[in-house]
Number of protein chains: 2
Amino acid sequence: MAQRKRATIREVAQATGLSPAAVSYALRGMQVSEETMQRVRQAAAELGYEADPIARALASGRTGMIGLLCGSLEDLWQQSLAVGIGRALRDKDRYALILDAAGDPARERTLALQLRDQRVDGLIVQPVDPAARFWADLADSLPVVAIGDALLHGHTAAEVVFDNRRGVTMALEYVRDKGHRHVAVLTPTRPSTPDRPADVHVIAEAERLGLDIDVRTAGQGLADSAEVATGLLTRPDRPTAVFCFSDSIAYGVYKAAGELGLSVPQDVAVMGYDDHPMSELLGLTTVNWDLDGIVRAAVKLVVAASDGKAHHRRIVQAPGLRERLSVQPPARR
Amino acid sequence: MAQRKRATIREVAQATGLSPAAVSYALRGMQVSEETMQRVRQAAAELGYEADPIARALASGRTGMIGLLCGSLEDLWQQSLAVGIGRALRDKDRYALILDAAGDPARERTLALQLRDQRVDGLIVQPVDPAARFWADLADSLPVVAIGDALLHGHTAAEVVFDNRRGVTMALEYVRDKGHRHVAVLTPTRPSTPDRPADVHVIAEAERLGLDIDVRTAGQGLADSAEVATGLLTRPDRPTAVFCFSDSIAYGVYKAAGELGLSVPQDVAVMGYDDHPMSELLGLTTVNWDLDGIVRAAVKLVVAASDGKAHHRRIVQAPGLRERLSVQPPARR
DNA sequence: TCGCTTCACTGATACGTTTCAGTGAAACGC
DNA sequence: GCGTTTCACTGAAACGTATCAGTGAAGCGA
């Protein structure tokens, strides 16, 4: 009720006998005398004045917010990433505007443009469709840092790149070394683009390693992949191992296996990719990325770029292998 | 580079020979002739005009955004909730500004006020400290819908209430019926308030059921609770069952148990609370809430309230029991 | 003393919309 | 045919800040 109207900069100006401009300068620590500084500070405190972020955004074109556009938040690892980035930004007094493209390129475009209109100071994105044209325009009007694999053709301010080729090789070699020959590969659904580097690499590597693979797309989350996995595991010639291109997908395989009365790793080996915190509990052997390092790198890059301090840096993340229990040699049949 | 400046409403006005005001009205479908409507639509399309959300927010005081202030995003179930709410809002052409209080009441206050300054049209909150004073002021200046247990003393526009008393009773009765007498209770860390209904109820119920309980606070996430659980499980008189006040905490117990070579449920029974998707995979017996229903209810209430359509509604969620494998009768020792 | 620079501050305008108070014309009731 | 509504629209004033182009005074070197 009481609803006291907020104090404006004009009132602070009046209280101190200065002009609004001087108050504005003082509050942002620019070129004012020590005495004025003090007076303004005090008056602002007394009036409970705080600059209106919307008016500030309109006038200055900056908001202090960083947009975070996730490829698909159905993926648990991406959830962790989003939470981590939100937290890291907060520690730098920036705030994240988190949006979810839900795997849809059209939505990705809409949201990205919307974020720009919201005057975010920078954008962190895990592109669904890295080949889309609008990224170039977007990167011209604000700092963009891309996280992931196939990136934005050098239009970005910066990139945190996963060495997925290496990751895939590690995973497949591990599975091969455990004795598997017939392995299914479950990848997240992505827009059909002529070149999907990771998938292409999977096929090439499988060939090199003499693996008989079967690549399928399996949605983004646990539920979708469970369905696909059910189809896969009920076939007469079911694979002895499944390599999932995200831990979330692997969880779906666990679910499907459980429902079919199959056990991991005795009846089917499962190899993951990401290393979500839950994977430890499930004993999922998986490719590991340094989530914390990725978060820090992305935040550092976007903050620097939004301050005009840096240009097009590229940080490459190396994968590790978390060996747990879910991949064992195949049983004789 | 090219950076063509955005079209403004003035340019559309000029192109149509109307006043900016008329264009503004037309674009929002208010009181204009059919012909004008058409002309404006066409001109806007040709110029690629879209209203600037910031300017709009400054002038109208509305943004179309809904703030979502989570108690602690370290909790996986709250992550799911946030993702779900974000998605549901998007379906109503609203967008969520998701912030994480990280269990800190001071931060919660700061962020809530910040959200108001951002002119969100409404606020969905899982309060860390429901007793805090500022909620009253806040609810006076914008629609607030609270999700959870101990709520905001009627200051809110609406509430989605969990019947935690019932949930706790169900959980404890189930554990008792399985034959457990000595059970530990792990609750999330909350600010110390004189009355914590749920905890108080836990103690009362335990007494009624003749349970010997040991209540401990265990952080919010998997990592913290694992540490607490390790302490608990290495005691000579370790409890035969652990009731965790969130599935995330239960996961921590699994982790601790795994590291100690203890197995669930043979060596220790674990009862969860929330029913996160992963709990199915782990076979965690848990109290189940209708996440989807909660999401829909919260979004519906906040959207209605932000449109000035509803006042103080209260929706009560009933718990269910998901019986899985993690609670079995205690082994003789 | 003079000119030049630096400093601290002011006045005005810009940012791009919404919205309030009209305004003239047409429609309407009687 | 006259007063009253309604309609479609206009002009101008918000909204609350940042910032640009000055401005007067002080400081400085020669």
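Because the structure is predicted, anything quoted here is derived from the model rather than measured. (Residues numbered from 1 in each chain as written. Chains lettered and ligands numbered in written order. Predicted model: local features only at pLDDT ≥ 70, side-chain atom pairs only at ≥ 80, totals over all residues. Heavy atoms only, no water.)

Some details on the pattern of salt bridges
Under the defined criterion, the tally for this structure stands at 43 salt bridges over all chains. Here Arg296 of chain A makes a salt bridge to Asp292 of chain A, at a shortest N to O gap of 2.8 Å. Taken together, the residues Arg296 of chain A and Asp292 of chain A, both in helix α13 (residues 291–306) and 4 residues apart, mark about one turn of the helix. Residue classification places Asp292 of chain A among the partly exposed residues on the basis of a relative accessible area of 47%. The partner of Arg324 of chain B in a salt bridge is Asp275 of chain B, with the nearest N and O atoms 2.5 Å apart. With Arg324 of chain B in the segment after β12 (320–322) and Asp275 of chain B in the loop between β9 (269–274) and α12 (277–282), this pair connects stretches of sequence that are 49 residues apart. Looking at Arg324 of chain B, the relative accessible area reads 17%, which means it is buried. (Salt bridge = Lys/Arg side-chain N within 4 Å of Asp/Glu carboxyl O. Helix = DSSP H or I, 4+ residues; strand = E, 2+ residues; numbered from the N terminus. Buried < 20%, exposed > 50% of the residue type's maximum accessible area, 1.4 Å probe, protein only.)

Things to note about the sheet that holds strand β5 (residues 158–162) of chain B
Paired through their backbone hydrogen bonds, the strands of a sheet run either parallel or antiparallel. Residues and elements named next belong to chain B. The sheet built from 6 strands is open, its strands ordered β2-β1-β3-β4-β5-β11 with parallel pairing. Looking at strand neighbours, the two that pair on one side only are β2 (95–100) and β11 (313–317), the edges of this open sheet. This sheet shows a mean twist of 15° between the axes of neighbouring strands, independent of strand direction. Relative to strand β3 (residues 122–125), strand β1 (residues 65–70) runs parallel, the two being bridged by 4 bridges. In the sheet register, Leu69 faces β3, and the bridge partner there is Val125. (Pairing = 2+ DSSP bridges. Axes fitted to C-alpha atoms, helices over the stretch in contact; angles between N-to-C directions.)

As for the relation of the copies chain A and chain B
Take chain A, turn it by 180°, move it 0.1 Å along the axis, and it overlays chain B with an RMSD of 0.1 Å. Here the transformation between the copies is reduced to the relation of a two-fold axis. (Least-squares fit on C-alpha atoms with pLDDT ≥ 70 in both.)

Topic: the domain arrangement of chain A
Residue and element names in this part refer to chain A. Domain annotation for chain A reports domain 1 (9–51), domain 2 (65–159 + 290–311) and domain 3 (164–289). Domain 2 and domain 3 are separated by 27 Å when their C-alpha centres are compared. Facing the 15 residues of domain 2 at the interface are 17 residues of domain 3. Looking at the side of domain 2 facing domain 3, the largest losses of area belong to Leu76, Trp77 and Asp149, adding up to 40% of the total buried there. Our enumeration of links across domain 2 and domain 3 arrives at 0 salt bridges. Taken together, the links from domain 2 to domain 3 amount to 4 residue pairs in polar contact (both at pLDDT 80 or more). Elements supplying a minimum of two residues to the side of domain 2 that touches domain 3: α5 (76–90) and α13. Looking at side-chain class alone, the side of domain 2 that touches domain 3 contains 7 nonpolar, 3 polar and 5 charged residues. (Domains from an automatic or database assignment. Contact = heavy atoms within 4.5 Å. Buried area = accessible area lost by both parts, 1.4 Å probe. Polar contact = N/O pair within 3.5 Å; in protein donor to acceptor, adjacent residues only side chain to side chain. Nonpolar A, V, L, I, M, F, W, Y, C, P; charged D, E, K, R; others polar.)

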